[in-house]
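Residues per chain are reported as follows:
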Amino acid sequence: MTWEQLLSLKRFGDTHKRLRKEQNETRLGFEVDYDRIIFSSAFRSLQDKTQVIPLSKTDFVHTRLTHSLEVSVVGRSLGRLTGQKLLEKHPHLRDTFGYQMNDFGAIVAGAALAHDIGNPPFGHSGEKAIGEYFSHGNGKRFKDQLSEKEYQDLTKFEGNANGFRILTENRPGINGGLRLSYATLGAFTKYPKESLPYKPSKKIGDKKFGFFQSERETFKEVAEELGLQKTREGNEIGYSRHPLAFLVEAADDICYTIIDFEDGINLGLIDEDYALEYLIKLVKNNINTGKYNQLKSTADRLAYLRALAINTLITEAADIFLKNEDAILKGEFHESLFDKSSYEAQIKDIIKISVDKIYQSEEVISKEIAGYRMLSYLLDIYTKALLPEGNEEDSNFTKLVLKSVPQIKHLQESDSIYEKLIGICSYTASLTDGMTVASFKKYKGQSL
């Protein structure tokens with residue numbers, strides 16, 4: 001893989017090549033990507049989607065939206081720091097093609113901003129609810145009407161793949177979705193493969209999948225424009241990661257490791273003294289003990305350690321990337337950057353505490369259980385309305401459901417059962433936590 005291709009400014013539908021040297025410096029193509037994402041309705045919906053605590057009434061707890069904004073800020077710094085060193089190593093990227101340090105930051109920031117845009121309500125529990133509706137619930141009735149890969153898309157429903165769909169989906173009057181640059185789409189796709197074969201290796205890029213069958217050809221076009229290295233033969237689609245996807249992943253890892261941990265402390269789920277001790281272990285080589293000892297409040301101590309930890313991990317992630325750049329460009333680097341971190345033990349300790357004390361807390365689990373049931377119920381309502389069985393076809397209730405949800409009603413125009421089902425799943429995943437509760441109560445007749 002070569003940086004000249006990987007930094008492609010091409011967008012869906014372009015008939016002429018976009019050259020970096022011809023870009024308007026006041027509104028660069030990669031920065032336009034960021035703007036298009038932040039003004040999209042799909043991004044706005046993240047303000048009412050779970051990051052740590054579903055339907056939290058506490059102001060300072062992060063939502064998917066605040067988390068995504070923070071990941072983009074970290075990603076921008078990480079991209080710029082890495083880009084500065086890459087341009088020193090490959091000066092022709094600047095001298096011949098016109099690329100600047102900030103281009104790398106803008107690509108990573110845009111991809112990081114969108115990294116959770118396809119996630120369903122109620123966090124990973126929402127993904128499981130959608131998948132298990134088709135593997136164990138009433139959705140099993142469609143198995144024989146789908147190809148193996150189509151059915152796998154549904155039973156292993158993946159927020160990352162749904163994100164790619166949102167960013168690129170053709171709709172009436174809107175071709176190419178948000179029409180982001182292919183460089184940003186490549187950096188967004190952490191798992192550049194289709195749903196089957198399932199986990200064919202232990203390589204990080206094979207852990208999940210990055211696009212549904214409905215976007216198969218779109219992703220193939222993006223990958224070929226970027227010059228991503230093929231990892232599958234024949235009719236299977238799989239590629240090596242875009243190098244900047246490693247930086248997007250690192251930015252996400254930094255934020256959920258440190259900031260979810262901070263939420264747990266603020267919520268009282270993690271003992272303050274115990275937690276501060278673990279954060280201090282992470283930054284012990286950089287901490288100014290004199291300054292730290294002057295801080296009297298928990299909030300101030302947390303803010304200082306959080307900022308120091310994030311800066312420490314940004315610097316290290318950039319160093320690891322640059323040391324492994326050649327292997328990454330050859331498609332021979334198959335782990336996350338922090339798998340090679342000198343702070344790996346400290347990071348694992350913090351994540352373990354977060355899992356035990358936050359993600360598996362009674363409040364989180366009880367709300368995820370409720371969310372799971374509500375999503376399963378809504379999927380049943382929507383599939384029966386669009387693809388009725390038996391005498392349900394004449395039901396006035398199903399007709400009213402379709403009238404109330406135009407995003408599903410328009411799917412009637414498709415002749416493909418798969419397109420209808422993946423459309424239903426994508427719509428259900430677009431619901432916020434609050435909208436899921438409200439829709440559930442409405443269809444149950446519990447509210448008006």
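The structure displayed is predicted, hence computed values, not measured ones.

A. Quick peek at the overall build of the chain. For the chain, the count of helices and strands is 22 helices and 0 strands. Radius of gyration (C-alpha) of the chain: 23 Å, near the 22 Å computed for a compact globule of 448 residues. Taking all contacts inside the chain whose residues are at least 6 apart in sequence as the whole, residues at least 24 apart take part in 73%. Of the roughly 20,000 Å² of accessible surface on the chain, 48% is carried by carbon and sulfur atoms. Taking the 60 positively charged and 64 negatively charged side chains of the chain as two groups, their mean positions are separated by 1 Å.

B. Representation of the environment of T15. Secondary-structure assignment places T15 in the loop between α1 (3–6) and α2 (29–38). Placed 345 residues apart in sequence, T15 and Q360 show a C-alpha to C-alpha distance of 51 Å.

C. Layout of unusual backbone geometry. In this model, L196 is joined to P197 through a cis peptide bond whose omega is 0 degrees. Looking at where P197 falls in the secondary structure, it is placed in the loop between α10 (182–188) and α11 (216–226). You will see that F122, though not glycine, has its phi angle at about 65 degrees, which is positive. Along the polypeptide, F122 turns up in the loop between α6 (101–113) and α7 (123–135). Phi is positive for K199, close to 45 degrees, though the residue is something other than glycine.

D. Broad picture of the environment of E217. Its place among the elements puts E217 in helix α11. The exposure class of E217 is partly exposed, given its relative accessible area of 49%. C-alpha separation for the pair E217 and N175, spaced 42 residues apart in sequence, amounts to 14 Å.

E. How the structure looks around the nonpolar core. One finds W3, L244, F261, L282 and L337 to be the most contacted residues of the largest nonpolar core, which totals 87 residues. Not counting residues up to four positions away in its chain, the partners in contact with W3 are L86, H90, L93, F104, P243, L244, F321, E325 and L329.

F. Structural detail: the domain arrangement of the chain. Along its sequence, the chain is organised into domain 1 (3–119 + 243–358) and domain 2 (121–156 + 361–447). The centre of domain 1, based on its C-alpha atoms, is set 33 Å off from the matching centre of domain 2. Listed as interface residues are 15 residues of domain 1 and, on the opposing side, 16 residues of domain 2. Summing both partners gives a buried area of about 1,200 Å² for domain 1 against domain 2, and 56% of it is carried by carbon and sulfur. Our count for the contact surface shared by domain 1 and domain 2 stands at 0 salt bridges. Seen at the junction of domain 1 and domain 2, the total is 4 residue pairs in polar contact (both at pLDDT 80 or more).

G. Summary view of the packing of helix α4 (residues 64–89) against helix α12 (residues 243–266). Running from N to C, α4 and α12 cross one another at 130 degrees; their axes reach a closest spacing of 8 Å. Considering their axes alone, α4 and α12 lie oblique with respect to each other. Considering the relative orientation of α4 and α12, their crossing is right-handed. Contact with α4, carried on its side by H67, E70, V71, V74, G75, L78, G79 and T82, involves L247, A250, A251, D252, I254, C255, Y256 and I259 of α12 and no other residues of that element.

H. Seen up close, α12. The first and last C-alpha atoms of α12 sit 35 Å apart over 24 residues, in line with the 34 Å expected at 1.5 Å per residue. Among the 24 residues of α12, 22 are classified as buried, and the element is accordingly described as predominantly covered. Among the residues trailing α12, G268 stands out with phi positive, at a value near 80 degrees.

Procedures and definitions
Residues numbered from 1 in each chain as written. Predicted model: local features only at pLDDT ≥ 70, side-chain atom pairs only at ≥ 80, totals over all residues. Heavy atoms only, no water. Helix = DSSP H or I, 4+ residues; strand = E, 2+ residues; numbered from the N terminus. Rg over C-alpha atoms; globule rule 2.2 N^0.38 Å. Contact = heavy atoms within 4.5 Å. Areas by Shrake-Rupley, 256 points an atom, 1.4 Å probe, with all protein chains shown as cover. Lys, Arg positive; Asp, Glu negative; His and termini not counted. Charge placed at Lys NZ, Arg CZ, Asp CG, Glu CD. Buried < 20%, exposed > 50% of the residue type's maximum accessible area, 1.4 Å probe, protein only. Core = buried A, V, L, I, M, F, W, Y, C linked by side-chain atoms within 4.5 Å. Domains from an automatic or database assignment. Buried area = accessible area lost by both parts, 1.4 Å probe. Salt bridge = Lys/Arg side-chain N within 4 Å of Asp/Glu carboxyl O. Polar contact = N/O pair within 3.5 Å; in protein donor to acceptor, adjacent residues only side chain to side chain. Axes fitted to C-alpha atoms, helices over the stretch in contact; angles between N-to-C directions. Parallel < 35°, antiparallel > 145°, perpendicular 65-115°, else oblique. Left-handed = near helix turned anticlockwise from the far one by under 90°. Expected span 1.5 Å × (residues − 1).

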